[in-house]
Amino acid sequence: MSIYLHDIPLSQAQSRLREALQDADLWRVLGSESIPLDESALGRVTAEPIWAEISSPHYHASAMDGFAVRAEETNGAQPSSPVTLSLVTRHLPQAQYVDTGDPLPEWANAVIPIENVESLDEHGKISSAVRGPSSIRIRAAVTPWSHVRPLGEDIVATQLVLPAGHTLRPADLGAIAASGHQTIRVARKPKVAILPTGTELVPIGSKLKAGDILEYNSLVIAAQIKSMGGEPTRYPITKDDFDSICETVLQAAQTHDLVLLNAGSSAGAEDFSSKVVEKLGQLLVHGVAVRPGHPVILGVIARSALVLGDEAIPSLLEIASGTNIPRNDGVPIIGVPGYPVSAALTVDIFVESLIAKWLGRRPHELPIEMATLTRKLVSPAGDDDYVRVAVGKVGGKLLAAPLSRGAGVITSLVQADGLALIPSGVQGMEAGEQVKVHLYRSKAEIEKTIFCIGSHDLTLDLMAQFLAEHNRRLASANVGSQGGLVALRRGEAHMAGSHLLDPQDGSYNISYIRQYMPNIPVKVIALVGRDQGLIVKQGNPKGVKSLGDLAGTSQERSVQFVNRQRGAGTRVLLDYHLNLMTIPSESIAGYSQEEYTHLGVATAVASGRADCGLGIAAAAQALDLDFIPLFQERYDLVIPKQHADDNLLAPLFDLLADSRFREAVSQLKGYDVSVMGTVILED
């Protein structure tokens, strides 16, 4: 028996849903409504063409403050032989004062700006009066319709102002008003019900105990729906009970156009979503070849279905067995996976195009660019694999650095500048290969991005905040100190954080720079001094005092360690001191268990996956853990000279002397800012 009903390609899954909605007469604009023309119309989608009811302007209007004249009466005016025009005559005047926007007198066909005239009194002398001179003197002729906005210059009555399916922008509202409308006919907002399910879920703000999971997927999804133009409704959490879920789904289907059933879409014992859809309607898809988001469910249920305990009306049983749902009675339902990243991407992939159809607009499409991968990626060959990436432009080359790939890591979406797509049939990509990236950020933002690849440090997070005040973004990828130097050698970063100890002389970074970046001029700047030590639980229940307490035979080992990844400066530091103490790494339980950041190590200890790990004091402080200081080290920024001289990094160098930034860093436990900004090496 297969776990999923089918594991089908994305395009095929989308086609099945589209065909089912066409059969149910739901692949169309759902309806329209008339709304007042005010700022609340912003972002709505026009349901029909908007035609101008009046012209704009609807009369010949002066475009300047000045004097209305007949252009032919200004002929011959020159600096040396000016022409005088009278404002007071028995018949028609030769000139008349007008403000900007005033109707042009019927006899006039031009306006002379006020700064181009000399006002004269009744004796022909220059007057300071603007509005009431007897005559004006001009020294240049004007052509017909100069400085005049003729009737219909902007809009002509009956012309098309906006087509149907147009998403309204601020300027559009002005154009609609100018064309004589007070109301607008717009597409009705699709109503979307969001139903979180799961006994383990608790509301935001709950006091958490082991096994509890904060329910925030519905918050994220509701915000997505709203940004797409829909009207979301967040339902309370429904516990894992089949009948309760069926009842909630049917209740939501009565008043909504789409039901999103969150969690319960994989193959666990209490994953009821597919069974709910099968009972209430047609299950179209269970399992799509995309990652993250693999266990997606697509279906259509009937509004008229009634569930009475374990019994269902005959028509419902017929629907469940495959009979088509009556037209205008169907409601699409999507089973959204429970992991946050999977949930968010599922909504983007399946719901955005559906809401676009219902509103009559074009689907939103992210800009696509080709970028160079900074490290190798492995991907399942049968899936379209969406990888979150940080994006930066270094030396004219667009780069994509993969971020954490866990489907539950919501922060990877926060940090992501785009999504790299590894298409089905490709089993991964090598570093240096070109990959298609769907950009979340504009090119202008990416141009202002400082790309940092290397060792993780909490000061980089603070630096990102301060740089934002100077119109710069700091995008970082944590690959360890050695990985950062390799990235610099490949031209894949502007700078790298590094704290590699040379076991020969006790210096930091210089020998490694010579090894990994030969013949590349660099500037090395000290960022901070920091304490490294053992991170343990509060009270140090294992009584760990030094690295020597980690070693033991398999029978003696009682301390579980968590390490940093190969190439990390902290790993190099650990191995150096283990070697000095003649402690074999095999004697340490958990030596091969790796994390990519200091906070990752602290989290492993806080969660009980490990008893201790080597890291910085600030990481222990962040998670309220104890810290046993062992060593002091220097953390440097390694910057190729070509980037150090670039204006892009100028705010970063200013920041190193900023007293506010230095004070913020000094508040982190175990940090010394006295070395900040010191030039260690400059080729």
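Residues numbered from 1 in each chain as written. Predicted model: local features only at pLDDT ≥ 70, side-chain atom pairs only at ≥ 80, totals over all residues. Heavy atoms only, no water.

I225, L260, I334, F350 and V351 are the most contacted members of the largest nonpolar core, which totals 44 residues. For this core, the element with the most residues is helix α7 (residues 340–359), which contributes 12 residues. Once residues within four sequence positions are removed from consideration, F350 is found in contact with L10, A13, Q14, V288, V296, L298 and I334. Residues L458, Y635, A644 and Y671 belong to the second largest nonpolar core, which totals 40 residues. (Core = buried A, V, L, I, M, F, W, Y, C linked by side-chain atoms within 4.5 Å. Buried < 20%, exposed > 50% of the residue type's maximum accessible area, 1.4 Å probe, protein only. Helix = DSSP H or I, 4+ residues; strand = E, 2+ residues; numbered from the N terminus. Contact = heavy atoms within 4.5 Å.)

Bringing unusual backbone geometry into the picture now. In this chain, S56 is followed by P57 through a cis amide linkage whose omega measures -10°. Cis geometry marks the peptide bond from R291 to P292; its omega dihedral reads -10°. Relative to the assigned elements, P292 resides in the loop between β19 (290–291) and β20 (297–302). Despite not being glycine, H147 has its phi angle at roughly 60°, a positive value. Structurally, H147 can be placed in the loop between β9 (135–138) and β10 (148–149). Residue classification places H147 among the partly exposed residues on the basis of a relative accessible area of 35%. You will see that T158, though not glycine, has its phi angle at about 85°, which is positive.

A separate point is helix α11 (residues 481–489). Those residues of α11 that sit buried are S481, G484, L485, V486, A487 and L488. Its buried side turned inward, α11 meets β29 (449–454), β31 (496–498), α12 (510–516), α13 (569–580) and β36 (626–640).

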